Amino acid sequence: MSSQALVLTPDQQARALNVVGMQIKVLASNVDTQSFGITLQEGPEGAGPPLHRHGWDEAFYVLKGAVNFQCDGDRIVCAAGTLVHVPCGTFHGFSFGQGGGSMLEISGAGANAAPFFTAIHNEIPAGPPNIPKLLELARQHGVEFAV
């Protein structure tokens, strides 16, 4: 555990990353906290990742709008104020509902979420994604997309 508190005021936070149509701001990485990671994820209607899984737990807290989640075949529309916990290894995906939305994402210990998002931002330009490159980055960061 970290021996110091981590406090980041809005002016100290990193700029949002462009991640395949979503804006993701890494508020704290797993390295920063020496435990969990936190991101703020925002997107327009329809934006979001397809079904995928990875080797860390993840939780989402919907702040604004509605988010259409799919977890292990179950589909649920989550309004603001809804918390979704996704256990390690569970296939899941989501898309922002009408008008777009925002949510916090909390990744468990050992997660590669922040490095994965950063790699996508740095290596895949805005616009239609380079799917082979995206799949290679996913593989490198321990993310498996459903086929």
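Above: the structure in question.
Reading the values: the criteria
Residues numbered from 1 in each chain as written. Predicted model: local features only at pLDDT ≥ 70, side-chain atom pairs only at ≥ 80, totals over all residues. Heavy atoms only, no water. Salt bridge = Lys/Arg side-chain N within 4 Å of Asp/Glu carboxyl O. Helix = DSSP H or I, 4+ residues; strand = E, 2+ residues; numbered from the N terminus. Buried < 20%, exposed > 50% of the residue type's maximum accessible area, 1.4 Å probe, protein only. Pairing = 2+ DSSP bridges. Axes fitted to C-alpha atoms, helices over the stretch in contact; angles between N-to-C directions. Contact = heavy atoms within 4.5 Å. Arc of directions from axis to C-beta. Polar contact = N/O pair within 3.5 Å; in protein donor to acceptor, adjacent residues only side chain to side chain. Core = buried A, V, L, I, M, F, W, Y, C linked by side-chain atoms within 4.5 Å. Parallel < 35°, antiparallel > 145°, perpendicular 65-115°, else oblique. Left-handed = near helix turned anticlockwise from the far one by under 90°. Nonpolar A, V, L, I, M, F, W, Y, C, P; charged D, E, K, R; others polar.

**Student:** Would you mind going over the pattern of salt bridges with me for this structure?
**Tutor:** Under the definition given, this model contains three salt bridges. Two residues, E144 and R53, come together in a salt bridge whose shortest N-O distance is 2.9 Å. Within this pair, whereas E144 is found in strand β11 (residues 143–145), its partner R53 is found in strand β4 (residues 52–54), the two being separated by 91 residues in sequence. E144 gets classed as partly exposed once you look at its relative accessible area, which sits at 38%.

**Student:** Is there a simple way to think about the sheet that holds strand β3 (residues 37–43) in this case?
**Tutor:** The antiparallel open sheet is built from six strands, whose spatial order is β1-β2-β3-β10-β5-β8. Only two strands of the sheet have a single partner each, and these edge strands are β1 (17–19) and β8 (83–86). Neighbour-to-neighbour, the strand axes of the sheet open up by a mean angle of 25°, direction not taken into account. Lying on the sheet, helix α2 (residues 113–123) is in contact with β1, β2 (22–28), β3 and β10 (101–107); it crosses β1 at an angle near 85°.

**Student:** How should I be thinking about helix α3 (residues 131–140) in this particular structure?
**Tutor:** Turn by turn, an α-helix covers 3.6 residues, leaving residues three or four places apart pointing in a common direction. Every buried residue belonging to α3 is among L134, L137 and A138, and all of these are buried. Seen along its axis, α3 keeps its buried residues to an arc of 105°; they face one direction. Exposed side chains of α3 directed beyond 90 degrees from the buried face belong to P132 and R139. With a side-chain oxygen positioned 3.0 Å from the backbone nitrogen of K133, the residue opening α3 is N130. At the C-terminal side of α3, G142 shows a positive phi close to 80°.

**Student:** How should the nonpolar core be read in this particular structure?
**Tutor:** In summary, soluble globular proteins display a tendency toward joint burial of nonpolar side chains. Membership of the largest hydrophobic core comes to 31 residues, with the highest contact counts inside it found for F69 and F94. The greatest single-element share of this core, amounting to six residues, is contributed by α2.

**Student:** Got a minute to help me understand the packing of α2 against α3 in this structure?
**Tutor:** Axes are the key here: two packed helices are described by the angle between their axes and the distance separating the axes. Remark: α2 packs on α3, axes separated minimally by 10 Å, with the N-to-C direction vectors making an angle of 155°. It follows that α2 is roughly antiparallel to α3 by the angle criterion. Our pair here, α2 against α3, has a crossing hand that is right-handed. Counted together, F116, A119, I120 and E123 of α2 and K133, L134, L137 and A138 of α3 form the full contact between these two elements. Across the contact of α2 with α3, the residue classes tally to six nonpolar, no polar and two charged.

**Student:** How do you make sense of the side chain of Q41 when you look at a structure like this?
**Tutor:** Along the chain, Q41 turns up in strand β3. Accessibility expressed as a relative area gives 2% for Q41, which makes it buried. In terms of polar contacts, Q41 uses its side chain to reach the side chain of T39, at 3.2 Å. Sequence-distant contacts of Q41, defined by excluding residues within four places in its chain, comprise M22, Q23, I24, F60, F94, F96, G101, S102, M103, E105 and F117.

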